[in-house]
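# Remarks on the overall topology
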Amino acid sequence: MDAIRVENLEKTFNGFTAVDHISFTVGEGELFGLLGPNGAGKTTTINMLSTLLRPTSGSATVAGFDVARDRDDVRKSIGVVFQEPALDGKLTGRENLEFHTMMYGIGKAERRRRIDEVLSLVELEDKAATLVEKYSGGMKRRLEIARGLTHRPKVLFLDEPTLGLDAQTRRHIWEYIRKLNKDGGVTIILTTHYMEEADFLCGRTAIMDHGKFVALDTPARLKDTLGGDVVSLELEGDAAAFLDALGRQDWIKRSKFHEDVLMLTMEKGERRIPELVMLAQQMGVTVNCVHLRKPSLEDVFLHFTGRTIREQEANLSERNRAMMMAHGRR
Amino acid sequence: MTIHWTAVYVLWRRDMTRYVRAKSRIIGSLAMPVFFLAFLGLGFRRMAVPGMDGGTGYIGFLAPGIIGMTLLFSSSMQGMSVLWDKEFGFLKEIMVAPVSRVSLVLGRIAGGTTTSMLQGILIFGASLALGFRLPGAGALLFGFVFMLLIAFTFIGLGLIFASRMKDMQGFGIIMNFIIFPFFFLSGALTPLENFPWVIRALSYADPLTYGVDGLRAALIGTSSLPVLVDLAVMIGFAMIMLFLGAYFFEKSEGV
């Protein structure tokens, strides 16, 4: 059974289409990413899948339950970590978790066990008795992820899990999300506008722009669609003969020679490097240095939308403001 | 329609924890009613209130009014505290939980009623310190009934506003143009009999009028309307407001 099945999902706010007829499925145990600039419709999608917003049209099931009809069953099956903190700052970390587990109807003994378990998982045991308003951003995030797990959800939604966190905390949370997915078998859907995050974490990722999916595949294959990697070779010796020999290799798509550095475009560059070095040796050319550059998801985004994600965000913030005014929301 | 009692309890407990921890807020919210009691009570000490039986004095007239006022402000704020939860994001945590929306409303009402009653009781204590005298202990119990009904009514009203609003922006307008008029129209400070008929007509549309009048009947034994009328009207208002509050809250979306 698919963990998530979305068909033609749409959400409009006063005539503004935030999510524009998207369809996709997420298999059980997958770590699925929604990548896109702010305002692309990622959070709206998550809000519909987690029953906080009703879809305008289309349908979606989560863990086999319809998000419009079986809202309580959906809610029982999911955990959500929202983009903005959803903690009560006037309660301690433990009290926040207690509130949560009681809302999910977990019995007293089990409750204590699970709370201790998740607190140690996110290394917050020492801070359990501290008011959450005294927590740092990273600690709040970790507490929220812990909270999303206490009721053992089948599907976990993470909306921008590392937004605004420092590099070290981000790394920490990434490792943690990975562990959850691999060892815990939890299906995870995460939204992000950090390319490296989607790249590092996600099995498959959808690139979302203006409420639509413009691409959906594994990060590796998305990058492969760009035609491949750039391998740069710093050469010494008779480069012309070497270039000539390379001309007969059909896996080289493009080549450029510039100040002793030869730049070649090819697929799976890392697998071709040994071959290149061997060819060079045969031609009596010395390779001083090899450099491989993989296209990033940023390049992929650029390829599919004609813009970089930064440009897109600058562009969208204007549009968002208009939409928020129309909708009366922040 | 199922009620998840654990959820109701944990929502109530959260309100209690927050109430106990917010000591400065408790003091802040009690300051105004205490000042009203102290300064108006002392300043108008020798004033006779028309329609009141002798012996109670202005403090006797005033104290039930100020208790009613405390409940009005505290309960409508409690009902609107949904907006704070929205502001701080916690509402999403509540809305995404697998419990019936009715349980959420009941939890909110339970917590809001308890804190409002505590506030009302503290003001009752303050008025005793300022010279207010009860006819008997039974009067207090009867007074609690009216205090509860006032709390229910205005928590319901607060829930209605909170469910219709996206953020805190309209809060000041609601306080100044709805809650304060409820207070002044209710006759909490001044006898209704002195108002011109237009204003008096408005007063009779104000739930707090019956709440304060009922409190007077209970606590000092005199009222301008028959106490059973006060009781019946308040029960009606409380039920309607709670129903509407629950209805709008249930219909509102979580984000």
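As shown above, the structure is provided for reference.
The model shown is predicted, which means the values in this text are computed figures rather than measured ones.

## Details of the interface of chain A and chain B
Between chain A and chain B, the contact holds 34 residues from the first and 31 residues from the second. In total, about 2,800 Å² of surface goes out of reach between chain A and chain B, with carbon and sulfur atoms giving 59% of it. Considering only the side of chain A, the residues that lose the most area to chain B are F99, M102 and M103 of chain A, jointly responsible for 25% of the buried surface there. Counting across the interface, chain A meets chain B through five salt bridges. A salt bridge links R14 of chain B to D88 of chain A; the nearest nitrogen and oxygen atoms lie 2.5 Å apart. Where chain A meets chain B, there are eight residue pairs in polar contact (both at pLDDT 80 or more). Broken down by secondary-structure element, the contributors of at least two residues to the side of chain A that touches chain B are α2 (71-77), β6 (78-81) and α3 (93-103) of chain A. Considering every element that reaches the side of chain A that touches chain B, the biggest residue donor is α3 of chain A, with seven residues. For the side of chain A that touches chain B, a count of residues per class yields 14 nonpolar, seven polar and 13 charged.

## Overview of the sheet that holds strand β5 (residues 65-66) of chain A
Residues and elements named next belong to chain A. Strand order in the open sheet made by the four strands is β2-β1-β4-β5, with antiparallel pairing throughout. Looking at strand neighbours, the two that pair on one side only are β2 (16-27) and β5, the edges of this open sheet. Across five bridges, strand β1 (residues 2-13) lies against strand β4 (residues 57-62) in antiparallel orientation. Bridge pairing in β4 links E7 to S59.

## Comments concerning the packing of helix α9 (residues 207-219) of chain B against helix α10 (residues 227-251) of chain B
All names here are of chain B. Where α9 contacts α10, the two axes come as close as 9 Å, and the packing angle between them is 140°. Considering their axes alone, α9 and α10 lie oblique with respect to each other. Considering how the two elements wind past one another, α9 and α10 form a crossing that is left-handed. Across the interface between the two elements, P207, Y210, G211, D213, G214 and A217 of α9 pack against V227, D230, V233, M234 and F237 of α10. Of the residues that constitute the contact of α9 with α10, the class distribution is seven nonpolar, two polar and two charged.

## Some details on the pattern of salt bridges
Summed over the entire model, instances satisfying the criterion amount to 31 salt bridges over all chains. Of the charged contacts in the structure, one is a salt bridge between E7 of chain A and R5 of chain A, with a shortest N-O distance of 4.0 Å. Judged by relative accessible area, R5 of chain A falls into the partly exposed class, the value being 37%. Here the salt bridges share partners, and the residues they tie into one network are D88 of chain A together with R14, D15, R18, D85 and R108 of chain B.

## Concerning a negative patch on the surface
All names here are of chain A. Taken together, E234, E236, E259 and D260 make up a surface patch of like negative charges. For E234, the location among the structural elements is in strand β11 (residues 229-236). Using a relative accessible area of 34% as the deciding quantity, one classes E234 as partly exposed.

## Considerations on the packing of aromatic side chains
Two numbers describe a pair of aromatic rings. These are the distance of the centres and the angle of the planes. All names here are of chain A. Per the stated rule, a full pass over the model turns up 21 aromatic pairs over all chains. A ring pair is formed by F24 and F213, whose centres lie 5.2 Å apart and whose planes are at 40°; its orientation type is tilted. With F24 in strand β2 and F213 in strand β10 (residues 212-217), this residue pair connects regions lying 189 residues apart in the sequence. A residue is classified by how much of its surface remains accessible, and F24, at 5% relative accessible area, is buried.

## A few points about the packing of helix α6 (residues 137-164) of chain B against α10 of chain B
Two measures define how a pair of helices packs: the angle their axes make with one another and the distance between the axes. Residues and elements named next belong to chain B. One way to put it is that α6 packs onto α10 with a least axis distance of 8 Å and a crossing angle of 30°. Relative to α10, the element α6 is oriented roughly parallel. Like other packed secondary-structure pairs, α6 and α10 cross with a definite hand, here left-handed. Looking at the contact of α6 with α10 residue by residue, the classes come out as 20 nonpolar, four polar and two charged.

## Details of α9 of chain B
Residue and element names in this part refer to chain B. For α9, built from 13 residues, the straight-helix expectation of 18 Å at 1.5 Å per residue is met to within 8% by its first-to-last C-alpha distance of 18 Å. Of all 13 residues in α9, 13 are buried; the element is thus mostly enclosed. The backbone nitrogen of L208 has a side-chain oxygen 2.8 Å away, supplied by the residue at the start of α9, namely D206. G221 sits one or two residues past α9 and shows a positive phi near 80°.

## With respect to the pairing of strand β12 (residues 254-258) of chain A
Residue and element names in this part refer to chain A. Direction of pairing for β12 relative to strand β13 (residues 261-266): antiparallel, over a ladder of five bridges. By the bridge assignment for β13, S255 is matched with L264. What sits between β12 and β13 in their antiparallel hairpin is a turn of two residues, with E259 showing a positive phi close to 50°.

## Section: helix α9 (residues 239-247) of chain A
Residue and element names in this part refer to chain A. When we look at burial in α9, the residues that qualify are A239, F242, A245 and L246. Across the axial projection of α9, the buried residues extend over an arc of 120°, all falling on one side. Of the exposed residues in α9, those oriented more than 90 degrees away from the buried face are A240, D244 and G247. Elements in contact with the buried residues of α9: β11, β12, β13 and α10 (269-282).

## Remarks on the nonpolar core
Residues and elements named next belong to chain A. Counting 110 residues, the largest nonpolar core has I4, V62, M103 and F157 as its most contacted members. Excluding its chain neighbours within four sequence positions, the residues that come into contact with I4 are F24, T25, V26, L49, T61, V62, V155, F157 and I189. Membership of the second largest hydrophobic core comes to 41 residues, among which are M139, W174, M195 and C202.

What counts and what doesn't
Residues numbered from 1 in each chain as written. Chains lettered and ligands numbered in written order. Predicted model: local features only at pLDDT ≥ 70, side-chain atom pairs only at ≥ 80, totals over all residues. Heavy atoms only, no water. Contact = heavy atoms within 4.5 Å. Buried area = accessible area lost by both parts, 1.4 Å probe. Salt bridge = Lys/Arg side-chain N within 4 Å of Asp/Glu carboxyl O. Polar contact = N/O pair within 3.5 Å; in protein donor to acceptor, adjacent residues only side chain to side chain. Helix = DSSP H or I, 4+ residues; strand = E, 2+ residues; numbered from the N terminus. Nonpolar A, V, L, I, M, F, W, Y, C, P; charged D, E, K, R; others polar. Pairing = 2+ DSSP bridges. Axes fitted to C-alpha atoms, helices over the stretch in contact; angles between N-to-C directions. Parallel < 35°, antiparallel > 145°, perpendicular 65-115°, else oblique. Left-handed = near helix turned anticlockwise from the far one by under 90°. Buried < 20%, exposed > 50% of the residue type's maximum accessible area, 1.4 Å probe, protein only. Patch = residues over 30% accessible without salt bridge, like charges linked within 9 Å, V, L, I, M, F, W, Y side chains within 5 Å. Areas by Shrake-Rupley, 256 points an atom, 1.4 Å probe, with all protein chains shown as cover. Lys, Arg positive; Asp, Glu negative; His and termini not counted. Charge placed at Lys NZ, Arg CZ, Asp CG, Glu CD. Phe/Tyr/Trp six-rings, centres within 6.5 Å; stacked < 30°, edge-to-face > 60°. Expected span 1.5 Å × (residues − 1). Arc of directions from axis to C-beta. Core = buried A, V, L, I, M, F, W, Y, C linked by side-chain atoms within 4.5 Å.

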